[in-house]
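One letter stands for each residue in the lines below.
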Amino acid sequence: MRTTRTAAAALLTAVALTVTAAGCSSSGGKDSENKATHTSGGGKPAATPRMTVAMVTHSGEGDTFWDIVQSGAKVAAAKDNVEFLYAANKEGKEQAALIDSYVTKKVDGLIVTLAKPEAVKASVAKAVAAGIPVVTINSGGQHSKAFGALGHIGQDEAVAGEAVGEELTARGKKKALCVIHEQGNVSLEERCAGVRKTFKGTVENLNVEGTNMPAATSSIEAKLQSAKDIDAVVTLGAPFAAASVKAKQSAGSGAEIDTFDLNAAVVAQLKAQQIGFAVDQQPYLQGYLAVDALWLHKDNLNVIGGGKPVLTGPALVTGKDVPVLEELTARGTR
């Protein structure tokens, strides 16, 4: 597993924070170690007052990435004596309405994604004005501070895209197709822009209907049939890697499939050499640290990262990383 130099220090910091936070449970020590599991959190919850934390994301139906984010959040919530609530909608207006509903319920903390920042800006402002601490994760990190959030947890999407562009160049690729599965998502656009910035070849964006996988597969297949010189397909989410593998086969293309994000299916495809490499932004860590950040702030007025973004990626993983990743993805933590 190769971590880009720009994110290496931040990744080490994030991991250290996770380990430190895990030691804050009321049980602690060796007994806590023996009881803990990777699915329930194990042990006794923190001896702090019960609090409620809600997470509102831009996830579309069937996006397994957010299952991993929730896994991390739930483990931290069990440890921190937190009731964890989750809601999602890929449309900015509906996501904003969900945020508003949690403000009305007077939750103790909010975790929000900023994929469509202008659509949720007013709702985040309402939460902050109501005295509800907000942590942003995953997307739109450049807007987090201006919106009044305590901080942002995720990868720098531009840096991640640049790492992919460099890797494609190192692999001798000449023409890449960057598949955007949600139009208007600033993070996805930043990824493709990053690829274009460092890749020595050419990059063409392709917008597909992310919530309709058969249609998305057909769009990728049609593009590969009409542009035989495409020798790399970069997908921006794990589910679309499988769709691209299928489209490549149907189109008779020799393009290499590479992807952002990781799940068990991507690891299996890496093992089968159907995918060249994947970009891991550690979604489990995003969920875990976000809940922990709100708990630490309420209990001790801590601010993880000092108000600056806490990076969880990118790291590039290839077939050689499969043996260790198989176990981790199987338990839903990577």
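Because the structure is a prediction, the values reported are computed rather than measured.

Thresholds applied
Residues numbered from 1 in each chain as written. Predicted model: local features only at pLDDT ≥ 70, side-chain atom pairs only at ≥ 80, totals over all residues. Heavy atoms only, no water. Helix = DSSP H or I, 4+ residues; strand = E, 2+ residues; numbered from the N terminus. Buried < 20%, exposed > 50% of the residue type's maximum accessible area, 1.4 Å probe, protein only. Contact = heavy atoms within 4.5 Å. Areas by Shrake-Rupley, 256 points an atom, 1.4 Å probe, with all protein chains shown as cover. Pairing = 2+ DSSP bridges. Axes fitted to C-alpha atoms, helices over the stretch in contact; angles between N-to-C directions. Arc of directions from axis to C-beta. Core = buried A, V, L, I, M, F, W, Y, C linked by side-chain atoms within 4.5 Å. Disulfide = S-S within 2.5 Å. Salt bridge = Lys/Arg side-chain N within 4 Å of Asp/Glu carboxyl O. Polar contact = N/O pair within 3.5 Å; in protein donor to acceptor, adjacent residues only side chain to side chain. Phe/Tyr/Trp six-rings, centres within 6.5 Å; stacked < 30°, edge-to-face > 60°.

Let's talk about the overall build of the protein
A count of helices and strands for the protein gives 13 helices and 13 strands. Burial statistics for the protein: of 334 residues in total, 54% are counted as buried. When contacts within the protein are restricted to residue pairs at least 6 apart in sequence, long-range pairs at least 24 apart make up 73% of them. As presented, the protein carries roughly 13,900 Å² of accessible surface, and 53% of it is formed by carbon and sulfur atoms.

Let's talk about the pairing of strand E6 (residues 151–154)
Neither face of E6 is exposed, since Gly-151 and Ile-153 on one face and His-152 and Gly-154 on the opposite face are all buried. In the sheet, strand E5 (residues 134–137) pairs with E6 via 3 bridges, with the strands oriented parallel. Looking at the pairing, Thr-136 lines up with His-152 of E6. Across 2 bridges, the pairing between E6 and strand E12 (residues 310–311) is parallel.

Considerations on the sheet that holds E12
Across a sheet, paired strands are connected by hydrogen bonds in the backbone, their directions being either parallel or antiparallel. Pairing in this open sheet of 6 strands is parallel, and the strands run E3-E2-E4-E5-E6-E12 from one edge to the other. Of all strands in the sheet, those bounded by a partner on one side alone are strand E3 (82–88) and E12. Alignment of strand E2 (residues 51–57) against strand E4 (residues 109–113), held across 4 bridges, turns out to be parallel. Paired with Val-56 across the bridge in E4 is Val-112. Where helix H3 (residues 65–80) meets the sheet, it contacts E2, E3, E4 and E5, and its direction lies at approximately 160° from that of E3.

Examining helix H13 (residues 322–330)
Every buried residue of H13 is listed here: Val-322, Leu-325, Leu-328 and Thr-329. End-on view of H13: buried residues confined to an arc of 125°, all on one side of the axis. Exposed side chains of H13 directed beyond 90 degrees from the buried face belong to Pro-323, Glu-327 and Ala-330. In this structure, the buried residues of H13 make contact with helix H11 (264–271) and strand E13 (315–317).

So, the nonpolar core
Among the nonpolar cores identified, the biggest contains 30 residues, and Met-55, Ile-111, Val-135, Ile-137, Ile-153 and Val-291 are the most heavily contacted of them. The set of elements that each furnish at least two residues to this core consists of E2, H3, E3, E5 and helix H12 (283–300). Take this core: its biggest share by element is 10 residues, from H12. Residues in contact with Ile-137, not counting those within four places in the same chain, are Met-55, Trp-66, Val-69, Ile-111, Val-112, Thr-113, Leu-114, His-152, Ile-153, Gln-286 and Ala-290.

Side note on the state of the cysteines
Within this structure, the stated rule accounts for 1 disulfide. A disulfide bridge connects Cys-178 with Cys-192, and the sulfur atoms are separated by 2.1 Å. A torsion of -90° about the S-S bond marks the disulfide between Cys-178 and Cys-192 as left-handed. In this pair, Cys-178 sits in strand E7 (residues 175–180) while Cys-192 sits in helix H8 (residues 186–198), placing the two residues 14 residues apart along the sequence. Looking at Cys-178, the relative accessible area reads 1%, which means it is buried.

Observations regarding the pattern of salt bridges
Inspection of the entire model under this criterion finds 15 salt bridges. A salt bridge links Asp-292 to Lys-79, with the nearest nitrogen and oxygen atoms 3.0 Å apart. A residue pair is termed long-range when its members are at least 10 positions apart, and Asp-292 in helix H12 and Lys-79 in helix H3 qualify at 213 residues. Both residues of the pair, Asp-292 and Lys-79, count as buried. Where Glu-204 meets Lys-223, a salt bridge forms, and the shortest distance between an N and an O atom there is 2.6 Å. Residue Glu-204 is found in strand E8 (residues 202–207), and its partner Lys-223 is found in helix H9 (residues 213–226); the two are separated by 19 residues along the sequence. Judged by its relative accessible area of 28%, Glu-204 is partly exposed.

With respect to the side chain of Gln-155
Note that Gln-155 resides in the loop between E6 and helix H7 (157–170). Engagement of the side chain of Gln-155 in a polar contact is seen with the side chain of Glu-157, the distance being 2.9 Å. Ignoring sequence-local partners within four residues, the contact set of Gln-155 consists of Asn-138, Ala-160, Arg-191, Phe-260, Val-279, Asp-280, Gln-281, Gln-286, Leu-311, Thr-312, Gly-313 and Pro-314.

A few points about the pairing of E8
Bridge count between E7 and E8: 6 bridges; the pairing is parallel. From the neighbouring strand, Lys-175 faces E8, where its bridge partner is Thr-202.

With respect to the packing of aromatic side chains
Summed over all chains, the structure comprises 2 aromatic pairs. For the pair Phe-65 and Trp-66, a centre-to-centre distance of 5.0 Å together with 75° between the ring planes defines the contact as edge-to-face. Since its relative accessible area comes to 3%, Trp-66 is described here as buried. Aromatic side chains Tyr-284 and Tyr-288 sit 6.3 Å apart centroid to centroid with 25° between the ring planes, which places their arrangement in the stacked category.

Topic: the environment of Asp-231
The topology assignment puts Asp-231 in the loop between H9 and strand E9 (232–235). Residue class for Asp-231 comes out buried when judged on its relative accessible area of 18%. For Asp-231 and Lys-174, which are 57 residues apart along the polypeptide, the C-alpha to C-alpha distance reads 6.6 Å. Filtering out sequence-adjacent residues up to four positions away, Asp-231 remains in contact with Gly-172, Lys-173, Lys-174, Lys-175, Ala-255 and Glu-256. Here Lys-175 takes part through its backbone nitrogen, which lies 3.0 Å from a polar atom of the side chain of Asp-231.

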